[in-house]
Amino acid sequence: MSRATLTSRPLPSLSRARYSLGPWARVAGLAVCALLTLGPVVWTVSTSLRAPADSFNLPPQIIPARPGTAAYHGVFDQIDVWLLALNSTLVTALVAAGQMITAGLAGYAFARLDFRFRKPLFGLVLATMMVPLQVTIVPVFLVLKSMGLTDTLLGLIIPAFPTAFGTFLMRQYFLGMPKDLGEAAMLDGAGPWRIFRSVYAPLATPGLAIVGVLAFNYHWNEFFRPLILETSGQNYTLPLGLVSLQGNLGTGSVSVVLAGVVLSMLPAVAVFVVGQRPLREGITSAGVNR
């Protein structure tokens with residue numbers, strides 16, 4: 001064996017060291033990302049359990065020296081949490097259900113039905129994703145005002161039914177399904193609506209679950225539209241109602257504000273935990289089908 005061949009091969013010890021550092025580097029990177037993501041959440045929960053006088057102690061303590069629920073009692077004393085939570089639950093649940101229906105129907109139409117201008121219309125739907133909400137809020141407000149739906153929960157629910165992202169997601173999901181199922185149902189005499197309802201819709205349940213979970217989490221935390229469309233306190237959603245707690249920042253009671261933030265996070269976290277399995281299965285099955 002020549003000297004050039006011996007020198008061209010990497011040393012076994014260096015090669016083993018390079019491959020052994022790979023998993024540890026990934027674990028370290030994931031640990032840093034988890035710390036950056038969960039750090040503010042842990043600090044929020046920790047501060048909400050402190051007494052108002054201990055909110056700005058230096059150095060800050062992750063574990064409160066005197067944990068208590070006084071800040072949470074302060075939230076319930078200052079705002080009607082139950083009414084705000086009921087409004088948010090009603091709005092987000094109906095919007096999530098509406099988006100699942102509209103996204104499923106539109107996605108199936110763009111994926112399986114053959115009609116004129118299908119591709120330009122789908123491109124127009126995707127183009128709406130590039131338009132910021134701040135651009136369309138004034139026309140939407142004027143239309144709702146002419147219909148008498150401003151300062152109502154319906155004014156928040158109905159305009160949120162169409163979803164360009166959900167339509168795109170369900171179209172890709174239906175395109176990944178085999179055409180043989182629809183053709184077999186068509187040979188049995190089933191029409192387009194029956195094929196969708198009995199064949200493709202049950203198979204698209206994981207994809208619809210993705211649309212529902214994402215819609216619930218987005219609209220539960222939505223602030224801009226309720227701020228523009230709602231003026232009466234009885235129609236406020238939870239994120240909008242929490243704004244009234246900002247007066248506590250002037251008195252140093254930041255724990256009360258963060259206690260309200262923790263309360264607003266709990267339903268969204270619960271929905272994500274419950275919907276995590278169908279969310280994961282929907283993404284996996286979509287990848288397998290394609």
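Residues numbered from 1 in each chain as written. Predicted model: local features only at pLDDT ≥ 70, side-chain atom pairs only at ≥ 80, totals over all residues. Heavy atoms only, no water.

A.B. asks: I keep staring at empty space enclosed by the protein and nothing clicks. Help me out?
C.D. replies: The rolling of a water-molecule-sized probe over the atoms marks out the regions of remaining empty space. Considering all chains together, one arrives at one cavity of 30 Å³ or more under this definition. Considered as a void within the structure, the largest cavity measures approximately 40 Å³ in volume. Lining the largest cavity are Ser88, Val91, Thr92, Leu156, His219, Glu222, Pro226 and Thr237. Of all the elements, helix H4 (residues 81-112) adds the most residues to the lining of the largest cavity, at three residues. Taken together, the residues that form the lining of the largest cavity break down as three nonpolar, four polar and one charged. (1 Å grid on protein atoms, 1.4 Å probe; cavity = no way out; pocket = protein on both sides within 12 Å on 5 of 7 lines; lining within 4 Å. Points joined across faces, edges and corners; volume = space filled by probe spheres on them. Helix = DSSP H or I, 4+ residues; strand = E, 2+ residues; numbered from the N terminus. Nonpolar A, V, L, I, M, F, W, Y, C, P; charged D, E, K, R; others polar.)

A.B. asks: Please explain the UniProt feature "transmembrane region" (unreviewed entry) in the protein chain as it appears in this structure.
C.D. replies: Mapped onto the present numbering, the UniProt feature "transmembrane region" (unreviewed entry) falls at residues 21-43, 90-110, 122-144, 156-174, 195-220 and 254-275. This span, residues 122-144, is 78% helix and 0% strand, and a straight line between its end C-alpha atoms measures 26 Å. (UniProt positions renumbered as here; feature names shortened; annotations may be inferred.)

A.B. asks: Hey, could you run me through the nonpolar core in this one?
C.D. replies: Within soluble globular proteins, side chains that are nonpolar generally end up buried alongside one another. Within the largest apolar cluster, 19 residues are counted, with the highest numbers of intra-cluster contacts made by Tyr72, Val75, Ile79, Trp220, Leu245, Val256 and Ala259. Of all the secondary structure elements, the ones that give two or more residues to this core are helix H3 (70-78), H4, helix H11 (205-220) and helix H14 (254-289). Examining the composition of this core, we find that six residues originate from one element, H14, more than from any other. Leave out the neighbours within four places in its chain, and Ile79 touches Leu84, Gly241, Leu242, Ser244 and Leu245. Of all hydrophobic cores here, the second largest spans 16 residues; its members include Met170, Tyr173, Tyr200 and Leu208. (Core = buried A, V, L, I, M, F, W, Y, C linked by side-chain atoms within 4.5 Å. Buried < 20%, exposed > 50% of the residue type's maximum accessible area, 1.4 Å probe, protein only. Contact = heavy atoms within 4.5 Å.)

A.B. asks: In this structure, what is going on with the packing of helix H9 (residues 179-187) against helix H10 (residues 192-203)? I would like to understand it.
C.D. replies: Geometry of a packed helix pair, given as the angle between the helix axes and the separation of the axes. Put simply, H9 and H10 touch, their axes get as near as 10 Å, and they point 160 degrees apart. Classified by the angle their axes make, H9 and H10 are roughly antiparallel. H9 and H10 meet at a crossing whose hand is right-handed. On the side of H9, the interface is formed by Lys179, Leu181, Gly182, Ala185 and Met186, while H10 contributes Ile195, Val199, Tyr200 and Leu203. (Axes fitted to C-alpha atoms, helices over the stretch in contact; angles between N-to-C directions. Parallel < 35°, antiparallel > 145°, perpendicular 65-115°, else oblique. Left-handed = near helix turned anticlockwise from the far one by under 90°.)

A.B. asks: Quick question: what am I supposed to make of the packing of helix H5 (residues 118-127) against helix H8 (residues 164-175) here?
C.D. replies: Between H5 and H8, the shortest axis-to-axis distance is 8 Å and the interhelical angle comes to 135 degrees. By the angle between their axes, H5 is oblique relative to H8. As for how H5 packs across H8, the hand of that crossing is left-handed. Here H5 contributes Phe122, Val125 and Leu126 to the contact with H8, which in turn contributes Ala164, Thr167, Phe168 and Arg171. For the contact of H5 with H8, a count of residues per class yields five nonpolar, one polar and one charged.

A.B. asks: Mind showing me how you'd approach the pattern of salt bridges here?
C.D. replies: Between side chains of opposite charge, a pair can form when the charged atoms approach closely. Scanning all chains against the criterion turns up one salt bridge. Taking the shortest distance from any N to any O, the salt bridge between Glu222 and Arg225 comes out at 2.7 Å. Taking relative accessible area as the criterion, Glu222 reaches 9% and is therefore assigned buried. The buried category is assigned to Arg225, whose relative accessible area is 6%. (Salt bridge = Lys/Arg side-chain N within 4 Å of Asp/Glu carboxyl O.)

A.B. asks: How should I be thinking about the environment of Leu263 in this particular structure?
C.D. replies: With respect to the helices and strands, Leu263 occurs in helix H14. Those residues in contact with Leu263 that lie beyond four places of it in its chain are Tyr72, Val75 and Phe76.

A.B. asks: Is there a simple way to think about the packing of aromatic side chains in this case?
C.D. replies: Aromatic rings considered in pairs are described by the distance between their centres and by the relative angle of their planes. For the coordinates displayed, the defined rule picks out 11 aromatic pairs. Aromatic side chains Tyr108 and Phe196 sit 4.9 Å apart centroid to centroid with 50 degrees between the ring planes, which places their arrangement in the tilted category. Pair noted here: Tyr108 is in helix H4 and Phe196 is in helix H10, with a separation of 88 residues, a long-range link. Residue Tyr108 shares its accessibility class with Phe196, and that shared class is buried. (Phe/Tyr/Trp six-rings, centres within 6.5 Å; stacked < 30°, edge-to-face > 60°.)

A.B. asks: Looking at this model, I keep getting lost on the layout of surface pockets. Mind explaining?
C.D. replies: Within this model, the largest pocket holds a volume of roughly 930 Å³. Pro159, Ala160, Pro162, Thr163 and Ala164 are the residues nearest the centre of the largest pocket, which is lined by 28 residues in total. Secondary-structure elements contributing two or more residues to the lining of the largest pocket are H4, helix H6 (133-147), H8 and H11. At six residues, the largest contribution of residues to the lining of the largest pocket is made by H6. Counted by class, the lining of the largest pocket contains 18 nonpolar, eight polar and two charged residues. Here the second largest pocket defines a volume of roughly 170 Å³. Lining the second largest pocket are Tyr108, Arg112, Leu113, Lys179, Gly182, Glu183, Met186, Pro192, Ile195 and Tyr200. In terms of residue count, H9 provides more of the lining of the second largest pocket than any other element does, four residues in total.

A.B. asks: Just to check I follow, could you spell out H10 for this structure?
C.D. replies: At 3.6 residues per turn, the α-helix brings residues three or four places apart onto the same side. Helix length check: H10 (12 residues) gives 16 Å between terminal C-alpha atoms against 16 Å at 1.5 Å per residue, within 8%. Every buried residue of H10 is listed here: Ile195, Phe196, Val199, Tyr200 and Ala201. Taken together, the buried residues of H10 touch H4, H8, H9 and H11. (Expected span 1.5 Å × (residues − 1).)

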